[in-house]
Amino acid sequence: MKKIAVFGMGYVGCVTAACLSRDGHRVIGVDISMEKVQALRSGHSPVVEPGLEPLVREQVASGRLEATNDIDSAVLDSEMALVAVGTPSEADGSVETHAVERVVQAIGRLLRHTDQPYTIVVRSTLLPGILEERLTPLLVEASGEQLGERIRLAIHPEFLRETTAIRDYDDPPFLLAGSDEDEVADAIFKLYPHVAAKRIHTDTRTAALVKYACNAFHALKVSFANEIGVLAHTLGADGHEVMRVVCEDNRLNISPAYLRPGFAFGGSCLPKDVRALTRFAQRNAIDVELLASILRSNDAHIERALQRVRDAGHRRIGLVGLSFKAGTDDLRESPQVRLAESLLGQGYDLKIYDPDVRLADLTGRNLSFIDQHLPHLASLLVDDPRDLYEHSDLLILATGVATHIDWQNEYFRDVLDLQRDLTSAPTAVVPTT
Ligand SMILES: NC(=O)c1ccc[n+]([C@@H]2O[C@H](COP(=O)([O-])OP(=O)(O)OC[C@H]3O[C@@H](n4cnc5c(N)ncnc54)[C@H](O)[C@@H]3O)[C@@H](O)[C@H]2O)c1
């Protein structure tokens, strides 16, 4: 069995190399730092990480883990490279990719003069597009051949945390491989015979963005808990207890609920309650940047939808769904009402279809909200989706569209495929007939 070359003997690379070696692989760690290479050769871990020092000592002594600064010999002696070099921030915040580019180019240049099959697996964190648009052309140019036959390039983001890195290596949330080829994903998963975690094979861009989404989500969670903690303190509540109870809810809180990309939120509770918290914070001079940004972020989705309608260049518009979600006639703070209001204000010829909204049944605050925002709703509503379709040059498929309309209806069959592709409703759809 050939070796696995691990490029970059930092926190990720060194843990990966030592664990792969422990699991029976022959591993060669590669780093440009001679100091790190020397440390490894003498059985010491070049980074401080619980449990790593004895593991490195044991693996180096066993002969399965070696280290070098000579890229060529490492590649010649291996069949796969795991690239775990740093991708720090540039001064403007963008991803610095020089190290990973240099590694890929160096491997490519060497492969030009051999006929060995080789797979390069990037573990470093990279934004989608960098692998496809920067690393692939560099590798093709350096190796002198197209990828896919002999030379392969994939992404395999790492999810370990410093201080629990070995435990996380053995028990990750999942193993994620980004590649166009099943064979490459399988080769990656085969590195982990002892890891029970779910294997997820996806495309390279999705895999790369999952890593960023996870880290952004973790950062968001910390900031959220901190802001709730600060508010709790001022409001005389126990922030730790508040968050402990919040986390008890596995249905709506710690769950996939509310975590699908889509259109703006609305309704009678979310905007009102977020507003109340931020107003309280403002009055007490508490800086809650995150909470204060939520409604601004929501407004931006409505503005984006309006821009898409403007860009489409049609005047006769059909809006599917007016209430804030399908299955209710609650129109209070529905983003679709805001959308409709803005479209009317900008002179669009608008018709609305929403089988849940019957004007005669609206009462109380719901009615006064609509009187204030869409006083001529009666003249805009249509009862039959056919009327909407016939009126419109452009349909806006708003939230919950699947339950608003019978998509098998012949009038809507043409847009059925587009509906499946919806990622950020409302999507403007131009009827094809
Ligand atoms: N540290 C973490 O907890 C963590 C977790 C998940 C993912 N990541 C990602 O993994 C990647 C590596 O992170 P890290 O914290 O291990 O980095 P690090 O800075 O600790 O280590 C990077 C290593 O790469 C070496 N290196 C640089 N250029 C090289 C080259 N041309 N050839 C060989 N070696 C080279 C450096 O000398 C250094 O030892 C980054 O993209 C990071 O975002 C980090």
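Because the structure is predicted, anything quoted here is derived from the model rather than measured.

Broken down by element type, the protein chain carries 18 helices and 13 strands. In terms of C-alpha radius of gyration, the protein chain reaches 28 Å, well past the compact-globule figure of 22 Å for 433 residues. The buried share among the 433 residues of the protein chain stands at 45%. Residue pairs in contact within the protein chain that sit at least 24 positions apart in sequence constitute 73% of those at least 6 positions apart. Charged side chains of the protein chain number 45 positive and 62 negative; the gap between the two group centres comes to 2 Å.

Let's shift gears to the side chain of D330. Here D330 lies in the loop between β9 (316-320) and α13 (335-345). The exposure class of D330 is buried, given its relative accessible area of 11%. Those residues in contact with D330 that lie beyond four places of it in its chain are S268, S323, F324 and N366.

Going through the model one piece at a time under the given rule, you end up with two aromatic pairs. Pairing Y169 with Y192 gives two aromatic rings, centres 5.6 Å apart and planes at 50°, and the pair type is tilted. With Y169 in helix α7 (residues 165-170) and Y192 in the loop between α8 (182-189) and β8 (199-202), this residue pair connects regions lying 23 residues apart in the sequence. Pair check on accessibility: Y169 and Y192 agree, each one buried. The ring of Y348 has R315 sitting right over it, with the charged end atom 4.0 Å from the ring centre.

What follows covers the confidence of the model for the protein chain. Within the protein chain, residue pLDDT values average 91, and 92% of them lie at 70 or more. Segment residues 413-427: pLDDT under 50, and 35 contacts once partners within four positions in sequence are set aside and those in other chains are kept.

On to the environment of R316, then. Its place among the elements puts R316 in strand β9. Residue R316 is classed as partly exposed on the basis of its relative accessible area of 36%. C-alpha separation for the pair R316 and L395, spaced 79 residues apart in sequence, amounts to 8.7 Å. Apart from the residues lying within four places of it in its own chain, the contact partners of R316 are D349, H391, S392, D393 and L394.

On to the site of the ligand. Lining the immediate surroundings of the ligand are 21 residues, of which V12, D31, K36, T87 and E162 lie closest. One of the backbone N or O atoms of V12 is found 2.8 Å from an oxygen atom in the ligand. With respect to the ligand, the side chain of E162 contributes an N or O atom lying 2.8 Å from a nitrogen atom. Elements that contribute at least two residues to the shell around the ligand include exactly α1 (11-22) and α5 (98-111).

Here we come to a nonpolar patch on the surface. Side chains of F217, L220 and L259 sit close together on the surface and give an oily, nonpolar patch of about 260 Å² of accessible area. In this structure, F217 sits in helix α9 (residues 204-235).

Parameters at a glance
Every residue gets a number counted from 1 within its own chain, in the order that chain's sequence is written. The predicted nature of this model means local features are confined to residues of pLDDT at least 70 and side-chain atom pairs, given and counted, to a pLDDT of 80 or more, with totals for whole chains, interfaces and linings taken over all residues. Note that the side-chain values use all heavy atoms of the structure and ignore hydrogens as well as water. What counts as a helix is a DSSP run of H or I of at least four residues, what counts as a strand is a run of E of at least two, and both are numbered from the N terminus. Here the radius of gyration uses the C-alpha set of atoms, whereas the globule reference equals 2.2 Å times the residue count to the power 0.38. Burial classes: relative accessible area under 20% of the type maximum marks a residue as buried, over 50% as exposed, and values in between as partly exposed (1.4 Å probe, protein chains only). Pairs of residues are marked as contacts when any of their non-hydrogen atoms sit within 4.5 Å. The charge count treats Lys and Arg as positive and Asp and Glu as negative. His and the chain ends do not count. Where a charge lies is defined by one atom per residue type: Lys uses NZ, Arg uses CZ, Asp uses CG and Glu uses CD. Pairing of aromatic rings covers Phe, Tyr and Trp, the last through its six-membered ring, and needs centres within 6.5 Å; plane angles under 30 degrees mean stacked, over 60 mean edge-to-face, and all others mean tilted. Only Lys NZ and Arg CZ are tested; either one counts as a charge over a ring when it is within 6 Å of the ring centre and within 35 degrees of the ring normal. As a per-residue measure, pLDDT tells how confident the predictor is, with possible values from 0 to 100. Proximity is defined per residue: any heavy atom of the residue falling within 4 Å of a molecule or strand makes that residue near it. Definition of a polar contact: a pair of N or O atoms within 3.5 Å, with one able to donate and the other able to accept a hydrogen when the atoms are protein atoms, and with sequence-neighbouring residues admitted only if both atoms are side-chain atoms. Residues enter patches when they are more than 30% accessible in relative terms and free of salt bridges; like-charged ones are connected within 9 Å and nonpolar ones (Val, Leu, Ile, Met, Phe, Trp, Tyr) within 5 Å. Reported accessibility uses the Shrake-Rupley method at a 1.4 Å probe radius. Residues are deemed covered only where the shown protein chains occlude them. We define a salt bridge as a side-chain nitrogen of Lys or Arg found within 4 Å of a carboxyl oxygen belonging to Asp or Glu.

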